[in-house]
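# Commentary on secondary and tertiary structure
Chain residues, written in single-letter form:
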Amino acid sequence: MVAHAMHRHHGPALRAHAAFTPFFLLLAAFGIFGIASIFPSSPAPVAPPSYIAAALVATFVRLMAAYVLAVICAIPLALLATRGALMEKIFLPVFDILQSVPTLAFFPLVIAIFLQSGFANGAAIFILFLNMLWNIVFSLIAGIGAVPREIFSAAHVFGMRGAFFFRRVLLPAIVPAFVTGSLFAWAEGWNVVIVAEVLHTYIPGGTSANDLFGIGSVLANAPASGSGATFIAAILGLVGLIAVLNFSVWQRALHHAEKYRFE
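Residues numbered from 1 in each chain as written. Predicted model: local features only at pLDDT ≥ 70, side-chain atom pairs only at ≥ 80, totals over all residues. Heavy atoms only, no water.

### Topic: the nonpolar core
By size, the foremost hydrophobic cluster in this structure holds 61 residues, and its most contacted members are M132, I136 and I141. The biggest single contributor to this core is helix α7 (residues 120–146), with 16 residues. Apart from residues lying up to four places away in sequence, I136 is in contact with Y67, A70, V71, A74, F178, G181, S182 and A185. (Core = buried A, V, L, I, M, F, W, Y, C linked by side-chain atoms within 4.5 Å. Buried < 20%, exposed > 50% of the residue type's maximum accessible area, 1.4 Å probe, protein only. Helix = DSSP H or I, 4+ residues; strand = E, 2+ residues; numbered from the N terminus. Contact = heavy atoms within 4.5 Å.)

Quick look at the structure:
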């Protein structure tokens, strides 16, 4: 229930957070230059911009794949948990427990399974998916619970059921919750990209050659190779991409979602 309540009324808070985004980016820039001072001077060359851009694209594609899978699974799970009071009492505690299980605890098993099938990218996408899923599920559950009961009663009176009810009534009503959950899901995904891409840590006798190419593995391996410049370039690229997504996608989505919010 705790996670269920945490995702309510985030609209104003998210908009307030957006106002401080430039400050956070400036703070991050100062942090980057501070980090640079801890790296010893090294002859290791800085990676070209195309390399950093390709790493960002590779990571973004994995995150997008995980997000799509999370959305596909989250919607039916949220609908199942809100079918009635009994279903909510059964499934919400189960979802809370599943959300609390640390995904990294069984990451080595996940890697072993996907490596045996020759699909190492699947391990990263699966871990990202698990970290994204519950943010969307609990946001949708909260969004469905916030829809006034009169809306459901009116839809029933007019004979709106099934797919028609979902498309014309429920789907628009949960847009704000869906956007909020998606924003938190992507934030969670960015937080674990290094873990998801640096596979050699979980492979006995593994080396950096076992890692997946992406911004996470670049960030992890650049310090080990003594390339502080590549590390800083990767950080700047990552911050820049997140900032672009925040201003061009999420802030617009949050603004658009306000049209569907019940007061």
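Following the structure, the description resumes.
### Notes on helix α13 (residues 228–257)
In an α-helix, one full turn covers 3.6 residues, which means residues spaced three or four apart are oriented alike. The terminal C-alpha atoms of α13, which comprises 30 residues, lie 41 Å apart, in line with the 44 Å expected from a rise of 1.5 Å per residue. Along α13, the sharpest change in direction is near 40 degrees and occurs at N246. (Expected span 1.5 Å × (residues − 1). Bend = angle between axes of the 7 residues up to and from the residue.)

### As for the side chain of E197
Structurally, E197 is set in helix α11 (residues 193–197). Separated by 3.5 Å, the side chain of E197 and the backbone nitrogen of I215 make a polar contact. When residues no more than four places from it in sequence are discounted, the contact partners of E197 are T59, R62, D211, L212, G214, I215, G216 and S217. (Polar contact = N/O pair within 3.5 Å; in protein donor to acceptor, adjacent residues only side chain to side chain.)

### Let's talk about the packing of helix α10 (residues 175–191) against α13
Packing of α10 against α13 brings their axes to within 9 Å, and their N-to-C directions diverge by 170 degrees. Taken together, the axes of α10 and α13 lie roughly antiparallel to each other. On the side of α10, the interface is formed by V175, P176, V179, T180, S182, L183, W186 and W190, while α13 contributes L238, L241, I242, L245, W250, A253, L254 and A257. Here the contact of α10 with α13 is composed, by residue class, of 14 nonpolar, two polar and no charged. (Axes fitted to C-alpha atoms, helices over the stretch in contact; angles between N-to-C directions. Parallel < 35°, antiparallel > 145°, perpendicular 65-115°, else oblique. Nonpolar A, V, L, I, M, F, W, Y, C, P; charged D, E, K, R; others polar.)

### With respect to the packing of helix α4 (residues 49–81) against α13
Put simply, α4 and α13 touch, their axes get as near as 10 Å, and they point 50 degrees apart. Relative to α13, α4 is oriented oblique. Handedness of the α4/α13 crossing: right-handed. Residues I52, L56 and F60 of α4 pack against T230, A233, A234, G237, L238, L241 and L245 of α13. (Left-handed = near helix turned anticlockwise from the far one by under 90°.)

### Quick word on the packing of aromatic side chains
Taken as a whole, this structure holds ten aromatic pairs when the rule is applied. On the basis of an interplanar angle of 50 degrees and a centroid distance of 6.3 Å, the ring pair of W186 and W190 is categorised as tilted. Placement of both W186 and W190 in helix α10 is noted, with a separation of four residues, approximately one turn of the helix. The exposure class assigned to W186 is buried, which follows from its relative accessible area of 5%. Among the aromatic residues, ring-to-ring pairing joins F60, Y67, W186 and W190 into one connected group. (Phe/Tyr/Trp six-rings, centres within 6.5 Å; stacked < 30°, edge-to-face > 60°.)

### Here's the deal with the pattern of salt bridges
Scanning the entire structure with this criterion turns up one salt bridge. Note that E197 is salt-bridged to R62, the shortest N-O span being 3.0 Å. Linking E197 in helix α11 with R62 in helix α4, this pair joins segments that are 135 residues apart in sequence. The exposure class of E197 is buried, given its relative accessible area of 2%. Assessed through its relative accessible area of 8%, R62 is described here as buried. (Salt bridge = Lys/Arg side-chain N within 4 Å of Asp/Glu carboxyl O.)

### What to know about a nonpolar patch on the surface
On the surface, a cluster of nonpolar side chains totalling about 330 Å² of accessible area is made up of M64, V68, L69 and I72. In this fold, V68 is placed in helix α4. (Patch = residues over 30% accessible without salt bridge, like charges linked within 9 Å, V, L, I, M, F, W, Y side chains within 5 Å. Areas by Shrake-Rupley, 256 points an atom, 1.4 Å probe, with all protein chains shown as cover.)

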